[in-house]
Amino acid sequence: MSPQPQAAVGAPLSRVDGRLKVTGQALYAAEHAVEGAVHAVIVDSGIGRGRVTSIDTRAALAHPGVLRVISHRDAPKLPYRDNAGSNNPPGRRLRVFQDDQVLFHGQPVAVVVATTLEAAQHGASLVKVGYAAEPPSTDLNDAKRDEPTNYARGDAEAGLRSAAVRLDLTYHLARNHHNPMEPHATIARWDGDQLTVWDKTQWVVGTQTELAAVFGLPLDSVRVISPFVGGGFGSGLRCWPHVVVAAVAAREAGRPVKLVLSRKQMYFGTGFRPAYEYRLRLGSDRRGRLTAMAHEMDAETSSYEKFTESILAPGQMLYSTPNVTQAYRLMPLDVNTPLYMRGPGYATASFVIESAMEELAHTLGVDPIELRRRNEPAEDESSGLPFSTRRLRECYTVGAREFGWHRRDRRPRTRREGDWLIGLGMAAGVYDTARMAAQARVRLDADGTALVEAAASDMGPGTYTSQTQVAADALGLTMRTVTFRLGDSLFPPTPPHGGSMTMASVGSAVLDGCDQVRRQAIQLAVGDPESPLYGVAAGDVVVRGGRLHVKRDQARGETYRSLLARHNRSHLEALGSFTPPSGPERHSFNAYNATFAEVAVDATLGLVRVRRMLGVYDAGRIISPKLADSQAIGGIVGGIGTALLEHTVTDHRDGRIVNANLADYLVPVNADVPDVKAIYLDGEDRDADPLGVKGLGEVVHVGVAPAIANAVFNATGRRIRELPITAEALL
């Protein structure tokens, strides 16, 4: 088949769902009008560990409008079958209302169901819970370590002993919370043994699977609907306890139930980026060539589940290092379970590795970019595989030129503007190119319009738009004549909407389904004596604007509408699919970046202000430059938060989160966001997937925090080994 003309892919198009969002017509989880729905509010545990000894519900039940108060005393016993295929990490899970155990502060211990939200809220405040409290373990410094996950190649200790230059550095990274604009919410309705939930989720199939396991239902007895997600950053990648609570409340009340978490409840109800203590020892020769790295990582997890993330990968393959050892230890605490947060694992590791590389460069008197160039690997040294593409050198070159890196003085505290010390910093970033099996249903109707459906999600990156772009070009239609629908477990299954895999996975399935339908139409035409295309080789036919024609003779052709009408066909349909190649990978697939930052630091007050930032990305084919810019800006802004503002504070006496609100947990606002620019290297990665994309949403966050920290050192001469960077650290 001739390649299809590409009119939509690569164009900076506005979001197809943009008008719905700005006019309030896009319905989020709590906004669906479900007839007869009542309200539920969770009663949170007031202790960090122990048992519930009593629950007094009399005042709550006497309050007007309160229908039910449900706790472990009267909740149904749920089967909690094996949850293989669901979106929960391994462990014994939090079995809500199944016993009297309290495992963390804020754990649901009861739920109040009422006719109005106000009645449910006040009813929850009237529930009196008695406890047998025990001292919780919530401090990473005092926790017991699990057995580590280890990695080794070469002899790191020998490599360190023989190194001409050695550094031994320890970093502390604070817990971060996702804080999306839309709070997590669920509406649950039972119709007999059929459960329907309208939920804020980044994986409708995973939530469907988990609910089926919890309630002992066949998979097709659970439907999950989630057409719009108001930000997630990873917080919606699993089925949280409140979803189960809503379903239990709906079944017990005999009515649909709406449950919306408060902002405070999201701090102990929906996960977080775990805190880390990360020790890195590295050695090099006098020219800066790395000889060894030894990584020791301690990370918090909950006592009832083991959450891990890909923190090992960057230390294994970002730089050429013959001798590497890693020990990744989980620290079980009396907290709720952490979860993936933008750039999971890689962003944390990059802060440590890229800060250390900067320190090594300064010790050696070598430019930080030059040091990185000297340690570029020829292959992925963790696997021995060739890189599908790796254009970090080009990222450095383009970034240095566009950012004015030549103006940087390697001596700290040399550039000053009044009270402000000015510094430049940079860092490299990497994130793996994940792909998973996906399907998409494509239907071309007799009127020349198309409908594409997949159980994907859109938490903000523009899935509706980018998938419509792919479908429009593959079918040879305009954007206006293609409708893409997502967010329903009745649609063909897709992987989680995270890990930068949506475009590669779902997009490739959409491409396959649309290619099939277009080929069906072409075969119909070239085999039809009444068609102007009769007898033409199918490979010589392309479609543009809904019209099939010979590639080199545009006058010879006909429209989809005329073709289907003549054949009395109401539609053509296909199920597209994408499955990554089976067997061992033949390449190492990753996206890369070079991130540059300029900061100003008040010499008297220690305040840090980011002035400008630039990210240069090797991310394969860019489907939508306009959406890509939104992703890059969002990732950089999130990285500014990680570097300078975000820090979850826990009172270790009882496990309470002290700053569980947006007044005390600081996130970047407009005044914190500087001049931000993104550049994408032109290219594609056809070894990764049929679209040639590598994913962008995660890698744009990776490297931002160390670039800022390195700029702060250049401005002040102070080494930063703890996030967030505080004024106290710079005074």
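Data block above holds the structure.
Presented here is an overview of the structure given in this document. (Residues numbered from 1 in each chain as written. Predicted model: local features only at pLDDT ≥ 70, side-chain atom pairs only at ≥ 80, totals over all residues. Heavy atoms only, no water.)

What follows deals with the packing of aromatic side chains. Applying the stated rule across the entire model yields 13 aromatic pairs. Ring geometry for Phe387 and Tyr592: centres 6.4 Å apart, planes at 85°, overall edge-to-face. A residue pair is termed long-range when its members are at least 10 positions apart, and Phe387 in the loop between helix H10 (368–374) and helix H11 (392–403) and Tyr592 in strand S25 (residues 590–602) qualify at 205 residues. Taken individually, Phe387 and Tyr592 each receive the classification buried, so the pair is uniform in this respect. Measuring from ring centre to ring centre gives 6.5 Å for Tyr464 and Phe484, while their planes differ by 80°; the resulting arrangement is edge-to-face. Taken together, the residues span a long stretch of sequence, with Tyr464 in helix H12 (residues 463–475) and Phe484 in strand S20 (residues 482–485) at a distance of 20 residues. Each of the two residues, Tyr464 as well as Phe484, counts as buried. Here a set of aromatic residues connected by ring pairs shows up, and it is made of Tyr28, Phe228, Tyr464 and Phe484. The ring of Phe272 carries the charged tip of Arg175 above its face, separated from the ring centre by 3.8 Å. (Phe/Tyr/Trp six-rings, centres within 6.5 Å; stacked < 30°, edge-to-face > 60°. Helix = DSSP H or I, 4+ residues; strand = E, 2+ residues; numbered from the N terminus. Buried < 20%, exposed > 50% of the residue type's maximum accessible area, 1.4 Å probe, protein only. Lys NZ or Arg CZ within 6 Å of the ring centre and 35° of its normal.)

What follows deals with the sheet that holds S25. Across the sheet, which stays open at both edges, the five strands sit in the order S16-S17-S25-S26-S29 with mixed pairing between neighbours. Here the strands that pair on one side only, and so sit at the sheet edges, are strand S16 (416–417) and strand S29 (675–680). By the bridge criterion, six bridges tie strand S26 (residues 608–618) to S29 in an arrangement that is parallel. When the bridges of S29 are listed, Val616 appears paired with Ile679. With respect to the sheet, H11 is in contact with strand S17 (420–432), S25, S26 and S29, its orientation differing from that of S25 by roughly 30°. Packed onto the sheet, helix H15 (residues 625–644) meets S26 and S29 and runs at close to 135° relative to S26. (Pairing = 2+ DSSP bridges. Contact = heavy atoms within 4.5 Å. Axes fitted to C-alpha atoms, helices over the stretch in contact; angles between N-to-C directions.)

This paragraph deals with the side chain of Glu598. By the element assignment, Glu598 lies in strand S25. A polar contact is formed between the side chain of Glu598 and the side chain of Arg612, at a distance of 2.7 Å. In contact with Glu598, not counting residues within four places along its chain, are Phe403, Arg415, Ile422, Gly423, Leu424, Arg609, Val610, Arg611 and Arg612. (Polar contact = N/O pair within 3.5 Å; in protein donor to acceptor, adjacent residues only side chain to side chain.)

On to the nonpolar core. Of all hydrophobic cores here, the largest spans 92 residues; its most connected members are Val599, Tyr617, Ile708 and Ile725. Of the residues forming this core, the biggest block, eleven residues, is contributed by helix H9 (residues 346–364). Setting aside its immediate chain neighbours within four residues, Ile725 contacts Val608, Ala643, Leu644, Ile708, Ala709, Val712, Ile720 and Leu730. Core analysis: the next-biggest nonpolar cluster, separate from the first, contains 52 residues, Tyr464, Leu475, Leu511 and Ala525 among them. (Core = buried A, V, L, I, M, F, W, Y, C linked by side-chain atoms within 4.5 Å.)

Attention now moves to the sheet that holds strand S21 (residues 541–544). Pairing within the open sheet is antiparallel, and its three strands lie in the order S21-S22-S23. Because the sheet does not close on itself, it has two edges, and the strands there are S21 and strand S23 (553–559). If you compare each strand with its neighbour and ignore which way they point, the axes differ by 35° on average. As judged from the four bridges shared by S21 and strand S22 (residues 547–550), these two strands associate in the antiparallel manner. Residue pairing across strands places Val543 opposite Leu548, the latter belonging to S22.

Before going further, it helps to spend a moment on the side chain of Asp618. Relative to the helices and strands, Asp618 is located in strand S26. Here the side chain of Asp618 touches Lys694 through a polar contact of 3.4 Å, side chain to side chain. When sequence neighbours within four positions are dropped, the list of residues in contact with Asp618 reads Thr389, Arg390, Arg391, Cys395, Ala591, Tyr592, Leu681 and Lys694.

This paragraph deals with the environment of Ser221. By the secondary structure assignment, Ser221 is in the loop between helix H5 (204–215) and strand S11 (222–225). Taking the C-alpha atoms as reference, Ser221 lies 59 Å from Glu370; in sequence the two are 149 residues apart. Other than its neighbours up to four places away in sequence, Ser221 contacts Asp193, Gln194 and Leu195.

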